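Fold and geometry: a report
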Amino acid sequence: MSTYQIAQRADTLNLVDVLRQRAQHQPERLAFTFLQRASVEESQITYEELDLQARTIGAILQRKGAAGKPVLLLHPPGLEYVAAFFGCLYAKAIAVPAYPPHSARMLPRIQAIITDTQANIVLTTKETLTSIQSNLALRPALEQLEWIATDTLDSRLSDLWQEPMIQATDLAFLQYTSGSTDVPKGVMVAHSNLIHNLAMISRQCGQTSEGHCVSWLPPYHDLGLICGILYPCYEGFPATLMAPVTFLQRPFLWLQAMSTHKATLSMAPSFAYELCCRKVTPEQRATLDLSHWEVAANGGEPVRSDTLQRFTSTFGPCGYSSTTHFPGYGMAETTLIVATSYAKAPFISAAFSEHELQQGRAVEVSPQEQGARTIIGYPHMSPDQQVIVVDPETRLQCAPGKIGEIWAAGPSVTKGYWRNPEDTEKTFHAYTVDPKQGPFLRTGDLGFLKDDALFVAGRTKDLLIIRGLNHYPQDIELTVERSHRAIRPGCCAAFSIEADENEQLVVLAEIDPRYRATVGATTADAEENTQRKSLDPQEVVTAIRAAIAEEHDLQIYRVLLLKAGGVLKTSSGKLQRRASRAEFLAERLEFWNEE
């Protein structure tokens, strides 16, 4: 098997160079495999075939003058999406990945992205274009764009492609933020940002050309795109891809693919590891061999130590090792990663006093102590990047153990937000005082440094301040979901509103569809009724209130039980607390009740 290494300086390298060299030196090596829903139908593409498709798409974009201009990608997950993304790079166009609008509900976001980018070319597939024609009629502005089905292009167009002169500062793509805390904005990712972050991932994951990646993550978001697609190509090992819906419907298929392909790398948010623990049966686990898995990257949402331990306990008999866990911290504004744990080594976690955290101090305590909160630490950072913790009010750098806002600077920090100079200035051009240093990216995350490791406590915009004390919503949400078996894990939201002249706590909790509301019933005497258990809503509310009072010394102003899907989330699965708060205030939430 070829172990060809890209031999070019990182400060001049770009992904067009990477794929072109792989196609020249490893033409027949498998680049990507896509698993269909049935898990038996596979489509595959080699580096040579991918290069041909990228040149074909790149040629038509060059003919249409797309160099330096945004081009929208509306492909479903699959190999056509991969080829279209590289095709944009081959044309020196600016790729704008987005979900295909399969329903009218998704059109406003697509319209907003097109309005912001002023893109006039959309790449998609023939099947997708056919399926969304009726929706396009609802938005005449979308219908007037130039739509190109990349899977219908004649490969002979590739002969017309001309290799572009790409500068390190040229934009590669716009990563639209998920909107978990604000209106989505287009993060401008330059070629130099990508190469620097990919080099960081390479060093910190420790993979080689003998590796194999499996990813079900959405390719439209930074973790799925960069770690699941671009990194395997950068490093030179194959990747097996599947659609997110495939995993969500049958989590076992993710682990089965890891086992079948003897994969060494995969990545997912914390909820996915939790879902596998709950949904993969003992009979299914007995068929798995996860002993080849070296790096299980965990990011995109707060990483929970107990979830990692539960996954190890559940899948340890399948060969999974606790040192495989690889928690990471990052965001679109830093291309992808900022800090991680060390690969193939135990992850770092420590318990801190909840009371002291509320005061803005990190005081380590025993994990068994009442009021202890366990937080993951990230000790591995790039030496040419700077990560500091700053008091957001005084802009003075915090001492170790003092909670402040996390600021970052370095080659992976992106150029700002597309056509948004005001937010770019506010977010990307921060300076400390005494001494003055910068510019830094203000991440919006709260955290602290301890023993040269970064600990992330929560987001500044989501922080709840009730009776003068700081409360992190993810801690409250974890307590809520553990308070009763009927509450769906990862589907709770906590926020504050102003009521009775004070900040008051509101909790939303989704109820598992297996339960139906029946006043007077209890889980103790619940009977199966069309495979759904009867449950008194007041029992759940009482359990939530008791757990929050005991663990956080808080009284809840309102508890709302919602149907599955009632808590708002982004397309990548992140909680939208502020949007959920707005829906609560507008009384637009769909309650869980008797059908």
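What you see is a predicted model; the values in this text were computed from it and never measured. (Residues numbered from 1 in each chain as written. Predicted model: local features only at pLDDT ≥ 70, side-chain atom pairs only at ≥ 80, totals over all residues. Heavy atoms only, no water.)

Turning next to the confidence of the model for the protein. Model confidence for the protein is summarised by a mean pLDDT of 90, while 93% of its residues fall at 70 or above. Low confidence marks residues 522–530, where pLDDT is under 50. Its contacts with residues over four positions away, or in another chain, come to 12 contacts. (pLDDT = per-residue confidence, 0-100. Contact = heavy atoms within 4.5 Å.)

A few words on the sheet that holds strand β29 (residues 556–562). Judged by pairing direction, the sheet is mixed, and its three strands sit side by side in the order β24-β25-β29 without closing on themselves. Two strands bound the open sheet, and with one partner strand each, they are β24 (487–499) and β29. Shown here is a sheet whose adjacent strand axes are inclined to one another by a mean of 20°, direction ignored. The sheet contact formed by β24 and strand β25 (residues 502–511) spans nine bridges and is antiparallel. (Pairing = 2+ DSSP bridges. Helix = DSSP H or I, 4+ residues; strand = E, 2+ residues; numbered from the N terminus. Axes fitted to C-alpha atoms, helices over the stretch in contact; angles between N-to-C directions.)

This part covers the pairing of strand β11 (residues 265–268). Residues Leu 265 and Met 267 point to one face of β11 and Ser 266 and Ala 268 to the other, with burial holding for every one of them. Relative to β11, strand β9 (residues 213–215) runs parallel, the two being bridged by two bridges. Residue pairing for β11: Val 214 is matched across the bridge by Ser 266. The sheet contact formed by β11 and strand β12 (residues 295–298) spans four bridges and is parallel. Its bridge partner being in β12, Ala 268 is matched across the sheet by Asn 298. (Buried < 20%, exposed > 50% of the residue type's maximum accessible area, 1.4 Å probe, protein only.)

Right, let's talk about the sheet that holds strand β14 (residues 337–340) for a bit. With mixed pairing, nine strands are arranged side by side in an open sheet as β2-β1-β10-β9-β11-β12-β13-β14-β17. The outermost strands of the open sheet, each flanked by one partner alone, are β2 (42–46) and β17 (380–381). Judged from the three bridges that link them, β12 and strand β13 (residues 325–330) form a sheet pairing that is parallel. Counted as the bridge partner of Ala 297 is Phe 326 from β13. Contacting β1 (30–35) and β2, helix α2 (residues 47–63) crosses the sheet at an angle of about 85° to β2.

Next up on the list: the pattern of salt bridges. Opposite charge on two side chains lets them pair, provided their charged atoms get close. Taken as a whole and judged by the stated rule, the model has 22 salt bridges. Between Glu 356 and Arg 361 there is a salt bridge whose closest N-O contact spans 2.8 Å. Take Glu 356: its relative accessible area is 19%, and that puts it in the buried class. Assessed through its relative accessible area of 39%, Arg 361 is described here as partly exposed. One salt bridge in this structure joins Glu 477 and Arg 577, with 2.7 Å as the shortest N-O distance. Within this pair, whereas Glu 477 is found in helix α17 (residues 473–482), its partner Arg 577 is found in helix α19 (residues 577–585), the two being separated by 100 residues in sequence. With respect to class, Glu 477 is no different from Arg 577; both count as buried. Residues participating in the shared-partner salt-bridge network are Arg 20, Asp 51 and Arg 55. (Salt bridge = Lys/Arg side-chain N within 4 Å of Asp/Glu carboxyl O.)

What follows is about unusual backbone geometry. Following Asp 434, the chain continues into Pro 435 via a peptide bond in cis, with omega recorded as 5°. As for its placement among the helices and strands, Pro 435 is situated in the loop between α16 (421–428) and β20 (441–450). With an omega of 0°, the peptide bond between Gly 438 and Pro 439 qualifies as cis. Its location among the elements puts Pro 439 in the loop between α16 and β20. For Lys 92, which is not glycine, the phi torsion reads 65° and is therefore positive. With respect to the helices, strands and loops of the structure, Lys 92 is situated in the loop between α3 (79–90) and β4 (94–97).

Looking now at the nonpolar core. Across soluble globular proteins, nonpolar side chains show a tendency to be buried alongside one another. Trp 254 and Phe 315 are the most contacted members of the largest nonpolar core, which has 119 residues in total. With 10 residues, α3 is the single largest residue contributor to this core. Once you skip the residues sitting within four places of it in the chain, Phe 315 turns out to touch Leu 255, Cys 276, Cys 277, Val 280, Arg 285, Leu 288, Leu 290 and Tyr 320. Ranked by size, the runner-up nonpolar core spans 24 residues in total, among them Leu 464, Val 480, Ile 487 and Trp 592. (Core = buried A, V, L, I, M, F, W, Y, C linked by side-chain atoms within 4.5 Å.)

Under the counting rule described, the total for this entry stands at 24 aromatic pairs. Between Tyr 99 and Tyr 220 the ring centres are 4.4 Å apart and the planes differ by 45°, which places this aromatic pair in the tilted class. Residue Tyr 99 is located in the loop between β4 and α4 (107–117), and its partner Tyr 220 is located in the loop between β9 and α9 (222–235); the two are separated by 121 residues in the primary sequence. A relative accessible area of 2% places Tyr 220 in the buried class. Ring centres 5.5 Å apart and planes at 90° place the aromatic pair Phe 247 and Trp 254 in the edge-to-face group. Overall, Trp 254 belongs to the buried group, its relative accessible area being 0%. The cationic tip of Lys 185 hangs over the ring face of Tyr 417; the distance from NZ or CZ to the ring centre is 5.0 Å. Over the ring of Tyr 472 we find Arg 373, and its NZ or CZ is 4.7 Å from the ring centre. (Phe/Tyr/Trp six-rings, centres within 6.5 Å; stacked < 30°, edge-to-face > 60°. Lys NZ or Arg CZ within 6 Å of the ring centre and 35° of its normal.)

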